[in-house]
Amino acid sequence: QGQLVESGGGLVQAGDSLRLSCAASGRTFSSYAMGWFRQAPGKEREYVAGISLNGDSPYYPADSVKGRFTISRDNALNTVYLQMNSLKPEDTAVYYCAAGGSHVLPHLYHYWGQGTQVTVSS
């Protein structure tokens, strides 16, 4: 059974940066598209960023993060990253890593991490 473990969350101030990491184990996650989702209290889960198997097609469906967030992956390390710059209080959420069949079809994600909390103070 595969496992995804997120890290790198924390409490920061508006304008700061964070880099989230998602370490995969138990499966060859290089065979999967990878993505990051987030869920704020009282809100639906939002698809933030996805990346293809070989990492050459990042996808940012959320307009609110375009130009500020960058997704990348290192298949040799079985790790996917989310670099978050110019953070805003509205970025506060639990961030989840996921693996699945397509980075542009969020409903195909079927492996999930436990999440890491990101809190941005104003």
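In the block above lies the structure referred to throughout.
These numbers were taken from a predicted model, which means no experiment stands behind them.

Asks: How do you make sense of the state of the cysteines when you look at a structure like this?
Replies: A covalent bond bridging the sulfur atoms of two cysteines is what the word disulfide describes. Applying the stated criterion across every chain, the model contains one disulfide. Sulfur-sulfur distance for the disulfide between Cys22 and Cys97 comes to 2.1 Å. Since a negative S-S torsion denotes a left-handed disulfide, the Cys22-Cys97 link at about -80° is left-handed. With Cys22 in strand β3 (residues 18-25) and Cys97 in strand β8 (residues 93-100), this residue pair connects regions lying 75 residues apart in the sequence.

Asks: Is there a simple way to think about the sheet that holds strand β6 (residues 69-74) in this case?
Replies: Whenever strands of a sheet pair, they do so through backbone hydrogen bonds, lying parallel or antiparallel. Read from one edge of the open sheet, four strands run β1-β3-β7-β6, paired in antiparallel fashion. Strands with a single pairing partner mark the edges of an open sheet, and in this sheet they are β1 (3-7) and β6. Pairwise comparison of adjacent strand axes, ignoring direction, gives a mean angle of 15° for this sheet.

Asks: How should I be thinking about the pairing of β1 in this particular structure?
Replies: When a strand is regular, its side chains alternate between the sheet's two faces. Only one face of β1 is buried, namely the one carrying Leu4 and Glu6, since none of Gln3, Val5 and Ser7 on the opposite face is buried. With five bridges connecting them, β1 and β3 associate as antiparallel partners. Note on β3: the bridge partner recorded for Val5 is Ala23.

Asks: How should I be thinking about the packing of aromatic side chains in this particular structure?
Replies: Working definition: an aromatic ring pair is given by the centre-to-centre distance plus the angle between the planes. Per the stated rule, a full pass over the model turns up eight aromatic pairs. Aromatic pair Phe37 and Tyr47: ring centres 4.6 Å apart, planes at 25°, arrangement stacked. Of this pair, Phe37 sits in strand β4 (residues 33-39) while Tyr47 sits in strand β5 (residues 46-51), and the two are 10 residues apart along the sequence. Across this residue pair, the class does not change: Phe37 and Tyr47 are buried. Assessed through its relative accessible area of 4%, Phe37 is described here as buried. Among the aromatic residues, those joined into a ring-pair cluster are Phe37, Tyr47, Tyr59, Tyr109 and Trp112. Note that Arg45 overlies the ring of Phe37, its terminal NZ or CZ placed 5.3 Å from the centroid.

Asks: Is there a simple way to explain the pattern of salt bridges in this structure?
Replies: Oppositely charged side chains can pair when the atoms bearing their charge come close. Applying the stated criterion across every chain yields a total of four salt bridges. Taking the shortest distance from any N to any O, the salt bridge between Glu46 and Arg38 comes out at 2.8 Å. Classification of Glu46 as partly exposed rests on a relative accessible area of 28%. The partner of Asp91 in a salt bridge is Arg38, and the shortest N-O contact between them spans 2.9 Å. One end of the pair, Asp91, is in the loop between β7 (79-84) and β8; the other, Arg38, is in strand β4, and 53 residues separate them in sequence. Judged by relative accessible area, which is 6%, Arg38 ranks as buried. One salt-bridge network, in which partners are shared between bridges, spans Arg38, Glu46, Arg68 and Asp91.

Rules of the game
- Residues numbered from 1 in each chain as written.
- Predicted model: local features only at pLDDT ≥ 70, side-chain atom pairs only at ≥ 80, totals over all residues.
- Heavy atoms only, no water.
- Disulfide = S-S within 2.5 Å.
- Helix = DSSP H or I, 4+ residues; strand = E, 2+ residues; numbered from the N terminus.
- Pairing = 2+ DSSP bridges.
- Axes fitted to C-alpha atoms, helices over the stretch in contact; angles between N-to-C directions.
- Buried < 20%, exposed > 50% of the residue type's maximum accessible area, 1.4 Å probe, protein only.
- Phe/Tyr/Trp six-rings, centres within 6.5 Å; stacked < 30°, edge-to-face > 60°.
- Lys NZ or Arg CZ within 6 Å of the ring centre and 35° of its normal.
- Salt bridge = Lys/Arg side-chain N within 4 Å of Asp/Glu carboxyl O.

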